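Descriptive analysis of the structure
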Amino acid sequence: MKAEDYLSFVDAWEGRATIRTRPRRIVENDEKLIYPLSRQPLVLSETFTRECPQLRDFALVQSLYKFINDVVIFETEIVDRTARSIAKDNFAIRFPFACRYDAMTVVVDEDYHALVAMDFMQQTIALTGIQPIQLPLEIELSRAIPAALGLAPDHLRSAVELICVAIAENTVTNDVAAFAKDDTVKQSIKGLMADHLLDEGRHSGFWARLVRIYWHAAPEQDKQSIAQIMPVFIAQYLTNDIQKSFDFVLIDSLPIEETIKQALKDETQAMSFPINRHHPLVGNIVRFFRTSSMLESACVQHALADYLPAGGVQ
Ligand SMILES: [Fe+2]
Ligand SMILES: [Fe+2]
């Protein structure tokens, strides 16, 4: 795909962007859950359900706070930053006006997602009276992107940044979709997730198209350097170190005996996903490499061999 062929999605944005179309959502004071059980397996663990089932809602509220905190970091520090520099033509890779205009809609959407997330945080604190425990200052991408950039030669730093953000914007979707379908969760929370998902559908295609444009024109040697960096980025992106330390802080905040805390920690320790083709986000990552056309390059197929479905690329 050539840069001149890029078509703006501005009409779709004007008609469907949640900032243009959605009223404020209010967290209901009802019996439903504030966060999906499937997203906080700690509360489903044998020790938790036996020893402290009465603390389930506290743990779910804290997990919602962590999720909101992650969203704010992701939107304002990661996606906003790259989209804004593309919009303002400060990015080392130059894009035509239509791309830059669409990049500005991404900035607006993401900052709005952060605002809505902060609103839900305040509403939940007011409704439950539960203050957040110490929340992480970083998300996985806060480490994975600098690690990838550190491996890139100077002239490829922007390309690597673009691809990393594009991967992230093509995987959050899955994350958010899990909420939208869960009927045990409060309607407002599901609505928040569904709104976000709608905007992210537009974003994922946007980022994949920018990468297509870049990849189409990139020299073979640059493609090879970038391909080498991808597995390092993916491995750091998929680690659960930050989630694990949050879970430990959460466990330590529970009013339970030390031995039970230790048992809960042992259980969460055993629950992590493997970082290979069986990780739940890998399907989305591979799909991104396909839609961005990167997977058509032999160097990318080779570099991602561990993550591709057994039997190779189809
Ligand atoms: Fe977003
Ligand atoms: Fe996005």
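Our structure's up above, just so we're on the same page.
Residues numbered from 1 in each chain as written. Chains lettered and ligands numbered in written order. Predicted model: local features only at pLDDT ≥ 70, side-chain atom pairs only at ≥ 80, totals over all residues. Heavy atoms only, no water.

1. A look at the overall build of the protein chain
Helix and strand counts for the protein chain come out as 13 helices and 0 strands. Counting from the amino terminus, helix and strand elements in the protein chain follow one another as α-α-α-α-α-α-α-α-α-α-α-α-α. Here the protein chain has a C-alpha radius of gyration of 20 Å; the compact-globule value for 314 residues is 20 Å, and the two agree. When the backbone C-alpha atoms are referred to their principal axes, the protein chain occupies close to 60 × 40 × 35 Å. Each of the 314 residues in the protein chain was classed as buried or not, and the buried ones make up 52%. The long-range share in the protein chain, meaning contacts at least 24 apart out of those at least 6 apart in sequence, stands at 81%. (Helix = DSSP H or I, 4+ residues; strand = E, 2+ residues; numbered from the N terminus. Rg over C-alpha atoms; globule rule 2.2 N^0.38 Å. Buried < 20%, exposed > 50% of the residue type's maximum accessible area, 1.4 Å probe, protein only. Contact = heavy atoms within 4.5 Å.)

2. Some thoughts on the coordination of the iron ion (ligand 1)
Taken together, E75 (OE), E110 (OE), H113 (ND1), H196 (NE2) and E200 (OE) make up the protein donors of the iron ion (ligand 1), found 2.0 to 2.3 Å from the metal. All donors of the iron ion (ligand 1) belong to a single chain; written as a sequence motif, their spacing is E-x34-E-x2-H-x82-H-x3-E. A separation of 3.6 Å is found between the iron ion (ligand 1) and the iron ion (ligand 2), which share E110 as a coordinating residue. In this pair, E75 is assigned in helix 4 (residues 56-87) and H196 in helix 8 (residues 187-217), connecting sequence segments 121 residues apart. One exposure class covers both E75 and H196, and it is buried. (Donors = N, O, S within 2.8 Å, 3.2 Å for Na, K, Ca; no water.)

3. A short note on a nonpolar patch on the surface
Together, I19, M104 and V108 make up an exposed nonpolar region whose accessible area comes to about 210 Å². Mapped onto the elements of the fold, M104 is located in helix 5 (residues 97-128). (Patch = residues over 30% accessible without salt bridge, like charges linked within 9 Å, V, L, I, M, F, W, Y side chains within 5 Å. Areas by Shrake-Rupley, 256 points an atom, 1.4 Å probe, with all protein chains shown as cover. Salt bridge = Lys/Arg side-chain N within 4 Å of Asp/Glu carboxyl O.)

4. Brief notes about helix 6 (residues 140-151)
With 12 residues, helix 6 ought to run about 16 Å at 1.5 Å a step, and its terminal C-alpha atoms sit 17 Å apart, in line with that. Among all positions of helix 6, only E140, L141, S142, A144, I145, A148 and L149 are buried. (Expected span 1.5 Å × (residues − 1).)

5. Observations regarding the packing of aromatic side chains
Within this structure, the stated rule accounts for 7 aromatic pairs. Above the plane of the ring of F246 lies K66, whose end atom (NZ or CZ) is 6.0 Å from the centre. Geometry around F9 places R202 over its ring, the cationic atom sitting 5.9 Å from the centre. (Phe/Tyr/Trp six-rings, centres within 6.5 Å; stacked < 30°, edge-to-face > 60°. Lys NZ or Arg CZ within 6 Å of the ring centre and 35° of its normal.)

Geometric values such as these leave the question of function open.
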